[in-house]
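Tertiary structure, described
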Amino acid sequence: MSHETPLHRLALLLREACPGPELPASLAKWIEEAESREKDHRRTLQKARHDLTTLVETANRLNAFGLNLDRIEAYLLRAMMGQFGILKVLVARQRDGSFPVLVPTTGTLQLGALPISIPREGIIARALCRAERPLLLESLPQEGEEGVVIRTLWNEGLRLGVPLLRSPETGERELTGLLFLGPRLDGQPFNLEDIEFLRVLSCLYAMALHNADLYHRSIVDGLTQTYSRVHFDMHLALEIERVRRQLEAGRDTSPSVGLIMVDIDNFKAMNDRYGHLMGDQTLKVFAKALTAGVRGVDMVARYGGEEFCVILPGSDLKTSARVAERLRVLVSQEELPGPDGTLLRVTASFGVSSYPEIAGNIRDLIAEADRCLYRAKAAGKNRVECAGRDVR
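Let us look at the structure shown here. (Residues numbered from 1 in each chain as written. Predicted model: local features only at pLDDT ≥ 70, side-chain atom pairs only at ≥ 80, totals over all residues. Heavy atoms only, no water.)

What follows covers the pattern of salt bridges. Summed over the entire model, instances satisfying the criterion amount to 19 salt bridges. Here glutamate 241 makes a salt bridge to arginine 245, at a shortest N to O gap of 3.7 Å. Linking glutamate 241 with arginine 245, this pair stays in helix H7 (residues 229-249), spanning four residues, or about one helical turn. The partner of glutamate 368 in a salt bridge is arginine 371, and the shortest N-O contact between them spans 2.9 Å. On the criterion of helical spacing, the pair formed by glutamate 368 and arginine 371 is a turn pair, its members being three residues apart in helix H11 (residues 362-378). Shared partners join several salt bridges into a network, and the residues in it are Glu241, Arg244, Arg245 and Glu248. (Salt bridge = Lys/Arg side-chain N within 4 Å of Asp/Glu carboxyl O. Helix = DSSP H or I, 4+ residues; strand = E, 2+ residues; numbered from the N terminus.)

What follows is the structure, encoded as structure tokens:
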């Protein structure tokens, strides 16, 4: 495809008509400047097309990721690094009134890799929010504790701060996070075009991350960070339906789903003796132990109070019982420092059921696991009961 333009053709005709020194110097300079301007316009147009393509592709990818917060954040970091040719991008997401800095490691995000946290109402956050665009770190105030934060970011090779802003219906911009970008590999500074493109791109990310965060909060228990009761009900129904379809298809495999119901032993007595703060800490430690003891495809949910459930896709009764026993041992090894300095141990009772081996529908599956749980409680606690037999 030819890139010849009317101006280019005019320049060729003039040079042909007045070759060599016969072309007036002023006209030659005008032609040279006009050609230079035209090249600049062409480069600007090409960059605008590339940026528009990038924005459309980004919007499509974010839409494809749906509400998966981890995938959105991972794509955000990779896209920023690729778009601007930089080696390092850090993201700070809001948590407990501040923005801890998260560092990407092997496709995931690891909290606490940098020992810094940026206050939501501090100098850095306010400056970026007020500017509503990326700012060079060197332009931010360097005094006080946040000056130390800026110098730490600078020493990590970061040069640019980007606010992740969304515009809610109230019209007042909301800061949902911060990005920090390292220098470009080509050594060139971030120019005004880069900064404006970053501003538009960051608005897309802010909206996607906000929507994903809202969804995450709606399905996760805020205290224990396990799934909520509502999400548990929905997920278990989907697993039952998946197994039912496989059974109807008449495949050779024996599809199943296991269910474990768990209740912390003597939790009310602990609350009464040590207070609700200690009870909350117990729930957090307990939930963390359960989550650490299952596979990625399994799901731990808070069923209510101190009672939890574990959904085990593809697990029959025997396998589910083994998992429950492993979890019982893991939980019993946890120690919590009490208010008086003594170490407290937590135990739990487990009830196990499975579909379709034991129960024929979701209601019976839950009811059977619940009955087994109460048998474990009645038999002395800190034990596993399943489908009419003791597996401790």
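The next thing to look at is the pairing of strand S6 (residues 160-166). Across the seven residues that make up S6, a large majority, seven, are buried. Bridge analysis of strand S5 (residues 135-136) against S6 gives two bridges, and the strand direction is antiparallel. Along S6, the bridge assignment pairs leucine 135 with glycine 161. Bridge count between S6 and strand S7 (residues 174-181): seven bridges; the pairing is antiparallel. When the bridges of S7 are listed, glycine 161 appears paired with phenylalanine 180. (Buried < 20%, exposed > 50% of the residue type's maximum accessible area, 1.4 Å probe, protein only. Pairing = 2+ DSSP bridges.)

Let us look at the packing of helix H8 (residues 267-274) against helix H9 (residues 276-292). Two elements in contact, H8 and H9, have axes separated by 7 Å at closest approach and are oriented at 140°. Taken together, the axes of H8 and H9 lie oblique to each other. Packed against H8, whose contacting residues are Phe267, Met270, Asn271 and Tyr274, the element H9 presents His276, Met278, Gly279, Thr282 and Leu283 at the interface. Residues belonging to the contact of H8 with H9 are distributed by class as follows: five nonpolar, four polar and no charged. (Axes fitted to C-alpha atoms, helices over the stretch in contact; angles between N-to-C directions. Parallel < 35°, antiparallel > 145°, perpendicular 65-115°, else oblique. Contact = heavy atoms within 4.5 Å. Nonpolar A, V, L, I, M, F, W, Y, C, P; charged D, E, K, R; others polar.)

Next up on the list: the packing of H7 against H11. Between H7 and H11, the shortest axis-to-axis distance is 10 Å and the interhelical angle comes to 115°. Crossing of H7 against H11: the hand is right-handed. Between H7, through Phe232, Asp233, Leu236, Ala237 and Ile240, and H11, the contact on the second element is made entirely by Ile362, Leu365 and Ile366. Broken down by class, the residue content of the contact of H7 with H11 amounts to seven nonpolar, no polar and one charged. (Left-handed = near helix turned anticlockwise from the far one by under 90°.)

On to the packing of aromatic side chains, then. A full pass over the atoms with the stated rule returns two aromatic pairs. Ring geometry for phenylalanine 232 versus tyrosine 303: centroids 5.5 Å apart, planes at 90°, classification edge-to-face. Taken together, the residues phenylalanine 232 in helix H7 and tyrosine 303 in strand S9 (residues 299-304) connect sequence positions 71 residues apart. Both residues of the pair, phenylalanine 232 and tyrosine 303, count as buried. Aromatic side chains phenylalanine 286 and phenylalanine 308 sit 5.3 Å apart centroid to centroid with 55° between the ring planes, which places their arrangement in the tilted category. With phenylalanine 286 in helix H9 and phenylalanine 308 in strand S10 (residues 307-313), this residue pair connects regions lying 22 residues apart in the sequence. One exposure class covers both phenylalanine 286 and phenylalanine 308, and it is buried. A cation over a ring is seen here: arginine 229 above tyrosine 303, with NZ or CZ 3.9 Å from the ring centre. (Phe/Tyr/Trp six-rings, centres within 6.5 Å; stacked < 30°, edge-to-face > 60°. Lys NZ or Arg CZ within 6 Å of the ring centre and 35° of its normal.)

Membership of the largest hydrophobic core comes to 32 residues, with the highest contact counts inside it found for Ile260, Phe286, Leu290, Leu327 and Phe350. The biggest single contributor to this core is H9, with seven residues. Sequence-distant contacts of leucine 327, that is, excluding residues within four places in its chain, are made with Ile260, Ala289, Leu290, Gly293, Val294, Val310 and Phe350. (Core = buried A, V, L, I, M, F, W, Y, C linked by side-chain atoms within 4.5 Å.)

Let's shift gears to the pairing of strand S1 (residues 89-93). In terms of burial, S1 is a largely internal element, five of the five residues being buried. Residues of S1 alternate between two faces, with Val89, Val91 and Arg93 on one and Leu90 and Ala92 on the opposite face, all of them buried. Here S1 pairs with S7 via five bridges, running antiparallel. Within S7, the position partnered with arginine 93 by the bridge is glycine 177.

It is worth spelling out the side chain of serine 349 at this point. Residue position: serine 349 is located in strand S13 (residues 348-355). Relative accessible area serves as the criterion here: at 0%, serine 349 is assigned to the buried category. Within the structure, the side chain of serine 349 is placed 2.8 Å from the side chain of aspartate 265, a separation counted as a polar contact. Those residues in contact with serine 349, other than ones at most four positions away along the chain, are Met261, Val262, Asp263, Asp265, Leu373, Ala376, Lys377, Lys381, Asn382 and Arg383. (Polar contact = N/O pair within 3.5 Å; in protein donor to acceptor, adjacent residues only side chain to side chain.)

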